[in-house]
Amino acid sequence: MGGKLLARAVGLVGLALAAGGLTGCEMSDPPATRNNLNDGASAAVDTADTGGGECGCLKPGLWFRFEKLTLDSIDLGKHNVQLALNPLWKKDIETFELNFYAHVKAVTATEVTIEIVNGARVAGSTDVCLLPYTKVEVVNPRKGCALDKSAPTAMNVYAGTPANPKNCAPKNEVKHSIPVRGAVLEAVVNADCTRMDQGIVSAGHLPKAALDITCTCLATGNQTSETCGVPEAGYVDGKGCDGCNSKFQNLNTLLNNFGTLEYKCKEGGLPAACLTASFWGGIVAGPPPVCPGF
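Please read all numbers here as calculations on a predicted model, not as lab measurements. (Residues numbered from 1 in each chain as written. Predicted model: local features only at pLDDT ≥ 70, side-chain atom pairs only at ≥ 80, totals over all residues. Heavy atoms only, no water.)

A. Here's a closer look at the pattern of salt bridges. For the structure on display, the rule yields 10 salt bridges. A cluster of three or more residues bridged by salt bridges with shared partners is formed by Glu67, Arg195 and Asp197. (Salt bridge = Lys/Arg side-chain N within 4 Å of Asp/Glu carboxyl O.)

B. Expanded view of the side chain of Asp197. Structurally, Asp197 can be placed in strand β9 (residues 195-207). Owing to a relative accessible area of 16%, Asp197 belongs among the buried residues under this scheme. A polar contact of 3.1 Å, which involves the side chain of Asp197, links it to the side chain of Arg195. (Helix = DSSP H or I, 4+ residues; strand = E, 2+ residues; numbered from the N terminus. Buried < 20%, exposed > 50% of the residue type's maximum accessible area, 1.4 Å probe, protein only. Polar contact = N/O pair within 3.5 Å; in protein donor to acceptor, adjacent residues only side chain to side chain.)

C. Just the sheet that holds strand β10 (residues 215-217), in detail. With antiparallel pairing, three strands are arranged side by side in an open sheet as β7-β10-β11. The open sheet has two edge strands, β7 (167-168) and β11 (248-250), and neither has a second partner. Here two bridges tie β7 to β10, and the two strands are oriented antiparallel to one another. The residue of β10 that forms the bridge with Asn167 is Thr216. (Pairing = 2+ DSSP bridges.)

D. Up close: the pairing of strand β2 (residues 99-107). Counting buried positions along β2 gives seven out of nine residues, so the element sits mostly inside the fold. Bridge count between strand β1 (residues 63-74) and β2: three bridges; the pairing is antiparallel. Each residue of the ladder has a partner; that of Arg65, found in β2, is Tyr101. Relative to strand β3 (residues 111-121), β2 is paired through eight bridges, and the arrangement is antiparallel. Its bridge partner being in β3, Tyr101 is matched across the sheet by Val117. Taking the residues between adjacent antiparallel strands as the criterion, β2 and β3 are bridged by three residues.

E. Here's a closer look at the environment of Gly281. Inspection of the secondary structure puts Gly281 in strand β13 (residues 270-284). Judged by its relative accessible area of 1%, Gly281 falls in the buried class. With 84 residues separating them in the primary sequence, Gly281 and Asp197 have C-alpha atoms 6.4 Å apart. Aside from chain neighbours lying at most four places away, what touches Gly281 is Phe64, Arg65, Phe66, Glu67, Arg195, Met196 and Asp197. (Contact = heavy atoms within 4.5 Å.)

F. Expanded view of a nonpolar patch on the surface. A contiguous nonpolar surface patch, about 260 Å² in accessible area, is contributed by Tyr133, Val290 and Phe294. For Val290, the position within the fold is in the segment after β13. For Val290, a relative accessible area of 45% puts it in the partly exposed group. (Patch = residues over 30% accessible without salt bridge, like charges linked within 9 Å, V, L, I, M, F, W, Y side chains within 5 Å. Areas by Shrake-Rupley, 256 points an atom, 1.4 Å probe, with all protein chains shown as cover.)

G. Geometry of empty space enclosed by the protein. One pass over the full model with this rule turns up three cavities of 30 Å³ or more. Of the voids in this model, the largest cavity is the one considered here, and its volume is about 80 Å³. Around the largest cavity, the lining residues are Phe66, Ala102, Ile114, Ile116, Val138, Asn140, Leu147, Leu185, Glu186, Ala187, Met196 and Phe279. Only β3, β4 (128-143) and β8 (178-189) provide two or more residues apiece to the lining of the largest cavity. Take the lining of the largest cavity: its biggest share by element is three residues, from β8. In terms of residue class, the lining of the largest cavity is made up of 10 nonpolar, one polar and one charged. (1 Å grid on protein atoms, 1.4 Å probe; cavity = no way out; pocket = protein on both sides within 12 Å on 5 of 7 lines; lining within 4 Å. Points joined across faces, edges and corners; volume = space filled by probe spheres on them. Nonpolar A, V, L, I, M, F, W, Y, C, P; charged D, E, K, R; others polar.)

H. The packing of aromatic side chains, seen in detail. Counted under the stated rule, the structure contains four aromatic pairs. A centroid spacing of 6.4 Å and a plane angle of 70° characterise the contact between Trp63 and Tyr101, whose relative ring orientation is edge-to-face. On the criterion of sequence distance, the pair formed by Trp63 in strand β1 and Tyr101 in strand β2 is long-range, its members being 38 residues apart. Considering the side-chain rings of Phe66 and Phe100, the 5.6 Å spacing of their centres and the 15° angle between planes classify their relative orientation as stacked. Taken as a pair, Phe66 in strand β1 and Phe100 in strand β2 lie far apart in primary sequence, 34 residues in all. Its relative accessible area of 2% is what places Phe100 among the buried residues. A cation over an aromatic ring shows up here: Lys68 above the ring of Trp280, its NZ or CZ 5.3 Å from the ring centre. The aromatic ring of Tyr263 is capped on one face by Lys208, whose charged end is 5.9 Å from the ring centroid. (Phe/Tyr/Trp six-rings, centres within 6.5 Å; stacked < 30°, edge-to-face > 60°. Lys NZ or Arg CZ within 6 Å of the ring centre and 35° of its normal.)

Here is the structure:
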């Protein structure tokens, strides 16, 4: 049963996303840089020097899209869920079901402020629109091209279309997203500022209380998020998926099906599952439009 459930949990967290293989720590050569959402040309970068030695081209206004995000550990070790989910997250990123954008907001010689925001796939296409309510701010100390460890911050994981989320969480602080908290991010920008590589989430956690009220859709194979249907405010299942529909299953239950979580981290003194992850991203010409109604 576990294998089938996990194969369906493609929209799950997306804590991390896309891998080059079956192991969470595996690193392959970065994919081609994207200029816009769907082509492979490089975006032009203004090389005006913003200080800090190397990577003087790093400046406010640059946008990157994550092309990889893999789950490397849960509760400080290997977990069966990551071996199965990483290839599925890879597919979700490639089909624009799962989208993370990093927007450079401010740059000095010693610090970079980046806004991370989720996108949703536009129904019936591979276009993407932005969900501003998911955005968070990350501040990294800077040493030239290196973005050192950030202060702990939040990240929110949304997958699917605006109407058909793959994760249903109507009572979470950030609706229909999986909350990663205490995330510490670092990365290295390449010399011409067209890539953000060697990305690491060296610490972070999933609060158990949030997992208990977050559910994921059982989409399989080549099914898109439209298969998940629309969350129903009046739906009651008594298993943590109230306000969703019958195609969703509780995320905490699913994760524990692949090995018991020990909740070795804390969020406000309460249990949370620790995690680490890896990511990389390529520059895009600019942000997609904001989703209608958001």
